[in-house]
Amino acid sequence: MTLKRAFTLFLCLLMAVFVILGPGLLYRYKVDYNKSFDHMKGKVPWRGVITVWDYPRLNTQNGTKLTWISARIKQFEKLHPGVYIDFKELDVNSGSILLKAAAKTGAYPDVAPVGTDSYFMSQGLLEELDGYITEAEKSDFLTSAIESTSYGSKLYGLPWMMTSYTMLLNTQLFNEKNVPVPQDGNWTYEQFTEAIKQLTYDTNRKKGPEVYGFNSSMQPGSYNIYGILMSDGAEIISSENGRYAFDSPQALSGVQKLYQLKYTYNATPDNFGAATQWEVLSSFINGKTAVITAPSWAIPYIRNLSTGSIEFTTANYPTGKAEVPVGIDANTCAFGVLKQTDENKRQMCIEFIKLLTSAESQEELKNYGYFPVRKSGENLYQNDKEMSMIQKSLGFVKPIPRHENWEQIDLILQSRIKAAITGELTPEQALKDARELLRKYTE
């Protein structure tokens, strides 16, 4: 056998061995590439659409209402390719009703500003956030803000901002009539009524006053007048037993105070009780009203609108028998994630509300007349006397009662009080009517 034939025979034998044994050897040494991705399971970014509903927020610097949320949406979509935010603007007056109706039908959004709403928390409609938010992340939030988003010791929302109502005083009118502006923003109810009586006057001897001492708007979901209504210690829902309590002597005293401003002291214009917030603001800016109630955002709004043509300051609500400037307000806005079935989408929704409520977002609150909910932002208004005064008074503001029918309670109560102010009912009749109409919601 020649060398060439021997080599050929060797190759044939080698190939035969490989054919017989090869598959076993390949299986033994193969690399399972699928297993190499096991550590990435659950970490592959979720892609899809997140629906977000929110109210318009007035930027007092440029007059726009959706720039804040639009900027956050663009930022988030850039950070998370393949994730798209479907945004719906809520109506300020009917948004709360729409959200609850959507929740009852199961057609709710993924994210909404319901992180302090006891209805959504108590009905199990919100995702619990404790497993997604670390103690370090929570530690920068103000205690009061975190408490407002908690229910049954569980966290259901992340706070973004706080707001409140205040009294605005036209200091030019005060000075012209030699009426003292309340020192440090504090005054009693007697000092308040004496001031507004002096600040109601006729400038050109025509029939009736041209300048009025006081005005305020009234509408459900707006708490401008509650600082006067509750100044003698009234409660709407009892802090002791959770029952309706606005039929007490203290409550009657609060309604009578509002009634007397118009009919005893004649210190309000005819549209007191019927005027819109914008009509009240306009009368103040035009120097036709000396004192008004207004939300905190009105301060930067008036500053930018009037460009210094009106001199004004703020004051707390006047103190009555309660001895502190009380009031109520849904003063913390917090975002919550409504119930999800997909864990990856749930995490993405939570990442979105983390972005909305980040520490970096607090600096922007100046543009909206809102107050920070983080300890790192507490000095936001240190050089702003008026906003700083309101910020200090936040400790006196009570959150709206955690009652599942609060919207109906507020609607009926304000409608009856408005009927008293417009002269349709006496204060006593107004409270009696409210009590009867609210039985099915409070008993």
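Please refer to the structure placed before this passage.
Residues numbered from 1 in each chain as written. Predicted model: local features only at pLDDT ≥ 70, side-chain atom pairs only at ≥ 80, totals over all residues. Heavy atoms only, no water.

Draft legend 1. Structural detail: the packing of helix 10 (residues 249-263) against helix 16 (residues 427-437). At their nearest, the axes of helix 10 and helix 16 sit 9 Å apart, and the two run at 130° to each other. Here helix 10 lies oblique to helix 16, going by the angle between them. Between helix 10 and helix 16 lies a crossing whose hand is right-handed. Taking contact as the criterion, the partners of Ala251, Leu252, Val255, Gln256 and Tyr259 in helix 10 are, on helix 16, Pro427, Glu428 and Leu431. Class assignment for the residues of the contact of helix 10 with helix 16 results in six nonpolar, one polar and one charged. (Axes fitted to C-alpha atoms, helices over the stretch in contact; angles between N-to-C directions. Helix = DSSP H or I, 4+ residues; strand = E, 2+ residues; numbered from the N terminus. Parallel < 35°, antiparallel > 145°, perpendicular 65-115°, else oblique. Left-handed = near helix turned anticlockwise from the far one by under 90°. Contact = heavy atoms within 4.5 Å. Nonpolar A, V, L, I, M, F, W, Y, C, P; charged D, E, K, R; others polar.)

Draft legend 2. Looking closely at the packing of aromatic side chains. One pass over the structure, following the stated rule, counts 19 aromatic pairs. Between Trp187 and Phe192 the ring centres are 5.4 Å apart and the planes differ by 75°, which places this aromatic pair in the edge-to-face class. Note on accessibility: Trp187 and Phe192 belong to one class, buried. Pairing Trp278 with Tyr301 gives two aromatic rings, centres 5.4 Å apart and planes at 70°, and the pair type is edge-to-face. Of this pair, Trp278 sits in helix 11 (residues 277-285) while Tyr301 sits in helix 12 (residues 298-306); the two residues are 23 residues apart in sequence, bridging distant segments of the chain. The side chain of Lys177 reaches across the aromatic face of Tyr201, ending 4.0 Å from its centre. Of note, Arg374 hangs over the ring of Phe141, and the distance from its end group to the ring centre comes to 4.1 Å. (Phe/Tyr/Trp six-rings, centres within 6.5 Å; stacked < 30°, edge-to-face > 60°. Buried < 20%, exposed > 50% of the residue type's maximum accessible area, 1.4 Å probe, protein only. Lys NZ or Arg CZ within 6 Å of the ring centre and 35° of its normal.)

Draft legend 3. The arrangement of the pairing of strand 7 (residues 165-170) in detail. Across the six residues that make up strand 7, a large majority, six, are buried. The alternating pattern of strand 7 places Tyr165, Met167 and Leu169 on one face and Thr166, Leu168 and Asn170 on the opposite face, and all of these are buried. The sheet contact formed by strand 7 and strand 9 (residues 289-295) spans five bridges and is antiparallel. Bridge assignment links Leu168 to a residue of strand 9, and that residue is Ile292. Across four bridges, strand 7 lies against strand 10 (residues 312-315) in antiparallel orientation. Its bridge partner lying in strand 10, Leu168 is registered against Thr314. (Pairing = 2+ DSSP bridges.)

Draft legend 4. Quick look at the nonpolar core. Among the nonpolar cores identified, the biggest contains 56 residues, and Ile50, Val111 and Leu168 are the most heavily contacted of them. Sort the elements by how many residues they give to this core and helix 13 (residues 343-356) lands first, with seven residues. Excluding anything up to four places from it in sequence, Leu168 contacts Phe284, Ala290, Val291, Ile292, Ala294, Ala298, Ile299, Ile302, Phe312, Thr313 and Thr314. (Core = buried A, V, L, I, M, F, W, Y, C linked by side-chain atoms within 4.5 Å.)

Draft legend 5. Summary view of helix 13. Over its 14 residues, helix 13 runs 20 Å from end to end, which matches the ideal 20 Å to within 8%, given 1.5 Å per residue. Burial in helix 13 covers these residues: Lys345, Arg346, Met348, Cys349, Ile350, Phe352, Ile353, Leu355 and Leu356. On its buried face, helix 13 sits against strand 1 (48-54), helix 2 (67-79), strand 2 (83-89), strand 3 (111-112), strand 6 (158-162) and strand 12 (332-337). Between a side-chain oxygen at the N-terminus of helix 13 and the backbone nitrogen of Asn344 the separation is 2.8 Å; the capping residue is Asp342. (Expected span 1.5 Å × (residues − 1). Polar contact = N/O pair within 3.5 Å; in protein donor to acceptor, adjacent residues only side chain to side chain.)

Draft legend 6. Representation of the pattern of salt bridges. Counted by the stated rule, this structure contains 21 salt bridges. In this structure, Glu407 engages Lys100 in a salt bridge whose closest nitrogen and oxygen atoms are separated by 3.1 Å. A residue pair is termed long-range when its members are at least 10 positions apart, and Glu407 in helix 15 (residues 406-421) and Lys100 in helix 3 (residues 95-105) qualify at 307 residues. The partly exposed category is assigned to Glu407, whose relative accessible area is 26%. Under the relative-accessibility criterion, Lys100 is labelled buried at 10%. (Salt bridge = Lys/Arg side-chain N within 4 Å of Asp/Glu carboxyl O.)

Draft legend 7. Main features of the sheet that holds strand 10. In spatial order, the strands read 8-9-7-10; together these four strands make up an open sheet with mixed pairing. The sheet is open, and its two edges are formed by strand 8 (212-215) and strand 10, each paired on a single side. Between one strand and the next, the sheet's axes are offset by a mean angle of 25°, whatever the strand orientation. Contacting strand 7, strand 8, strand 9 and strand 10, helix 11 crosses the sheet at an angle of about 140° to strand 9. The sheet contacts of helix 14 (residues 385-393) involve strand 7 and strand 10, and relative to strand 10 the element is tilted by about 10°.

Any functional reading would require information beyond the geometric quantities listed.
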